[in-house]
Amino acid sequence: MAKAAARHILVKDEATCNELKAKIAAGEDFAALAQQHSKCPSGRNGGDLGTFGPGQMVPEFDKVVFSAPINEVQGPVKTQFGYHLLEVTQRTE
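Keep in mind that what you see is a predicted model, and the values were worked out from it rather than measured.

Peer 1: A description of the pattern of salt bridges should follow, citing residues and the corresponding values.
Peer 2: Counted under the stated rule, the structure contains 2 salt bridges. Across the salt bridge formed by Arg7 and Glu87, the nearest N and O atoms sit 2.6 Å from each other. With Arg7 in strand 1 (residues 3-11) and Glu87 in strand 4 (residues 82-92), the pair connects residues that are 80 residues apart, well separated along the chain. Its salt-bridge partner being Arg91, residue Glu93 comes within 3.5 Å of it at the nearest N-O pair.

Right under this line is the structure:
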């Protein structure tokens, strides 16, 4: 069964999500930005969500995590919780 490891930053609005994505693209540290800005408890761990399988996260999240290139920041991804930047750090099929 497929498994993935990912990290994310959760914010309330798309504009903030885009601002953070631009900062990461300019070289700022994903984990540090997650600690400063993420509304998810995982932010304390740099946004690390650990390893999980399909169906363990909301559908919008799963769709990206199990199809996006590894180590490339994706987003904004809108879910019921807000807007996410996602980075898949590992995946096995």
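Peer 1: Explain the side chain of Ser42 residue by residue, including any values.
Peer 2: Checked against the element boundaries, Ser42 lands in the loop between helix 2 (30-37) and strand 2 (48-52). Dropping the residues within four chain positions of it, Ser42 is found in contact with His8, Gly47, Asp48 and Leu49.

Peer 1: Quick one: what's the story with helix 2, residue by residue and with numbers?
Peer 2: Within the span of helix 2, buried status applies to Phe30, Leu33 and Ala34. One face of helix 2 carries all of its buried residues, which in axial projection span an arc of 105 degrees. More than 90 degrees from the buried face of helix 2, the exposed residues found are Gln35 and Gln36. Contacts made by the buried residues of helix 2 are with strand 1, helix 1 (14-25) and strand 4.

Peer 1: Could you give an account of the environment of Asn71, with specific residues and numbers?
Peer 2: With respect to the helices and strands, Asn71 occurs in the loop between helix 3 (59-65) and strand 3 (74-79). On the accessibility criterion, Asn71 (52% relative accessible area) is exposed. Spatially, the C-alpha atoms of Asn71 and Thr89 are 5.3 Å apart, while their sequence positions differ by 18 residues. Apart from residues no more than four positions distant in its own chain, Asn71 is found in contact with Glu87, Val88 and Thr89.

Rules behind the numbers
Residues numbered from 1 in each chain as written. Predicted model: local features only at pLDDT ≥ 70, side-chain atom pairs only at ≥ 80, totals over all residues. Heavy atoms only, no water. Salt bridge = Lys/Arg side-chain N within 4 Å of Asp/Glu carboxyl O. Helix = DSSP H or I, 4+ residues; strand = E, 2+ residues; numbered from the N terminus. Contact = heavy atoms within 4.5 Å. Buried < 20%, exposed > 50% of the residue type's maximum accessible area, 1.4 Å probe, protein only. Arc of directions from axis to C-beta.

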